[in-house]
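# Structure at a glance
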Amino acid sequence: ETGVTQTPRHLVMGMTNKKSLKCEQHLGHNAMYWYKQSAKKPLELMFVYNFKEQTENNSVPSRFSPECPNSSHLFLHLHTLQPEDSALYLCASSQDVSGGVKNTQYFGPGTRLTVL
Amino acid sequence: AQSVSQHNHHVILSEAASLELGCNYSYGGTVNLFWYVQYPGQHLQLLLKYFSGDPLVKGIKGFEAEFIKSKFSFNLRKPSVQWSDTAEYFCAVNFGFKTIFGAGTRLFVKA
């Protein structure tokens with residue numbers, strides 16, 4: 001039903017671990033996004049990639065490291081996270097970031113991350 | 001700075017009641033407007049969107065929204081809700097290259 005897939009769906013990690021979240025879109029889009037969704041807080045934009053180039057880093061701590069090897073794949077590498085980083089991490093894609101209809105974003109199911 | 005506000009964080013309605021969820025934004029330029037819905041345990045889905053033309057937009061599942069430029073608003077409406085409409089609803093506004101989401105409104109519909 002969704003053209004955006006994310007793996008894993010759930011992840012529990014310790015503060016010293018290193019893990020990666022993966023997102024893949026099958027919609028032929030050129031822009032991909034990482035968002036953080038925490039309880040009782042608005043959706044927070046983390047990173048934006050357009051044609052594999054990072055166009056936005058919304059003051060995200062360096063313990064989150066994105067990677068976009070091609071327009072269909074987006075990774076979020078995690079290391080030395082804190083318990084307050086526990087949240088639902090959402091990936092989205094759009095045709096591009098030029099505005100208008102091309103900026104309509106389609107979301108994946110998210111990865112529920114718990115940091116112990 | 002641009003911002004998006006949703007007035008109600010929680011709404012509880014009985015089935016068949018009418019629904020209106022408020023969304024306001026602050027920005028004087030051209031905007032594109034969206035409503036997304038997130039059903040329990042599911043991903044964010046696009047409900048409807050406005051880019052230009054008729055300010056009354058119809059979306060899926062009987063939802064509609066009206067863009068009132070003078071009020072910087074894009075309220076979501078449904079004449080008669082169903083139990084299956086229980087979900088969280090997010091308003092989003094695209095300002096050029098940037099899209100900002102509201103904090104969301106949790107709707108619970110009592111059967």
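Use the structure listed above.
Everything in this summary refers to the structure shown in the same document.

Cut-offs applied
- Residues numbered from 1 in each chain as written.
- Chains lettered and ligands numbered in written order.
- Predicted model: local features only at pLDDT ≥ 70, side-chain atom pairs only at ≥ 80, totals over all residues.
- Heavy atoms only, no water.
- Helix = DSSP H or I, 4+ residues; strand = E, 2+ residues; numbered from the N terminus.
- Rg over C-alpha atoms; globule rule 2.2 N^0.38 Å.
- Buried < 20%, exposed > 50% of the residue type's maximum accessible area, 1.4 Å probe, protein only.
- Contact = heavy atoms within 4.5 Å.
- Areas by Shrake-Rupley, 256 points an atom, 1.4 Å probe, with all protein chains shown as cover.
- Lys, Arg positive; Asp, Glu negative; His and termini not counted.
- Charge placed at Lys NZ, Arg CZ, Asp CG, Glu CD.
- Phe/Tyr/Trp six-rings, centres within 6.5 Å; stacked < 30°, edge-to-face > 60°.
- Core = buried A, V, L, I, M, F, W, Y, C linked by side-chain atoms within 4.5 Å.
- Salt bridge = Lys/Arg side-chain N within 4 Å of Asp/Glu carboxyl O.
- Nonpolar A, V, L, I, M, F, W, Y, C, P; charged D, E, K, R; others polar.
- Polar contact = N/O pair within 3.5 Å; in protein donor to acceptor, adjacent residues only side chain to side chain.

## Focus: the overall build of chain A
- In terms of regular secondary structure, chain A is built from zero helices and 11 strands.
- Along its sequence from the N terminus, chain A presents helices and strands in the succession β-β-β-β-β-β-β-β-β-β-β.
- Against the 2.2 N^0.38 benchmark of 13 Å for 116 residues, chain A shows a C-alpha radius of gyration of 13 Å, consistent with a compact globule.
- Expressed as lengths along the three principal axes of its C-alpha atoms, the size of chain A is roughly 40 × 30 × 30 Å.
- Counting only residues that meet the buried cut, chain A has 51% of its 116 residues in that class.
- Restricting to contacts in chain A with at least 6 residues of sequence separation, those with at least 24 account for 54%.
- When the accessible area of chain A is evaluated, it comes to approximately 5400 Å², of which 50% is carbon and sulfur surface.
- Mean positive and mean negative side-chain charge positions of chain A (11 and 9 charges, respectively) differ by 6 Å.

## Here's the deal with the packing of aromatic side chains
Residue and element names in this part refer to chain B.
- Under the counting rule described, the total for this entry stands at 13 aromatic pairs over all chains.
- For the pair Tyr-27 and Phe-95, a centre-to-centre distance of 5.0 Å together with 75 degrees between the ring planes defines the contact as edge-to-face. A residue pair is termed long-range when its members are at least 10 positions apart, and Tyr-27 in the loop between β4 (23-26) and β5 (32-38) and Phe-95 in strand β10 (residues 87-95) qualify at 68 residues.
- Taking the relative accessible area as the measure of exposure, Tyr-27 reaches 32% and is therefore partly exposed.
- Centre to centre, the rings of Phe-63 and Tyr-89 are 5.6 Å apart; their planes meet at 45 degrees, and the pair counts as tilted. Of this pair, Phe-63 sits in the loop between β7 (56-58) and β8 (64-68) while Tyr-89 is found in strand β10, placing the two residues 26 residues apart along the sequence.

## Focus: the nonpolar core
- With 30 residues, the main nonpolar core has Trp-35, Leu-48, Leu-76 and Tyr-89 of chain B as its most contacted residues.
- Among residues more than four places away in sequence, those in contact with Leu-76 of chain B are Leu-19, Glu-20, Leu-21, Trp-35, Leu-47, Leu-48, Phe-63, Glu-64, Ala-65 and Tyr-89 of chain B.

## Some remarks on the interface of chain A and chain B
- Between chain A and chain B, the residue contacts involve 23 residues of the former and 19 residues of the latter.
- In this assembly, chain A and chain B are joined by zero salt bridges.
- Contributing elements (two or more residues each) for the side of chain A that touches chain B: β4 (31-37), β9 (87-94) and β10 (106-107) of chain A.
- Across the side of chain A that touches chain B, the residue classes break down as 10 nonpolar, nine polar and four charged.

## Thoughts on the environment of Val-48 of chain A
Residue and element names in this part refer to chain A.
- Locating Val-48 in the fold gives a position in strand β5 (residues 44-50).
- Here the alpha-carbon distance between Val-48 and Met-13, two residues 35 residues apart in the chain, equals 25 Å.
- Not counting chain neighbours up to four residues away, the residues in contact with Val-48 comprise Met-32, Tyr-33, Glu-53, Gln-54, Thr-55, Glu-56 and Val-97.

## Structural notes on the side chain of Ser-93 of chain A
Residue and element names in this part refer to chain A.
- Along the chain, the position of Ser-93 falls in strand β9.
- Among the polar contacts made by the side chain of Ser-93, one reaches the side chain of His-29 at a distance of 2.8 Å.
- If we ignore the near neighbours within four places in the chain, the residues touching Ser-93 are Val-4, Gln-25, Leu-27, His-29, Ala-31, Met-32, Tyr-33, Thr-104, Gln-105 and Tyr-106.

Interpretation in functional terms is not warranted from these geometric data alone.
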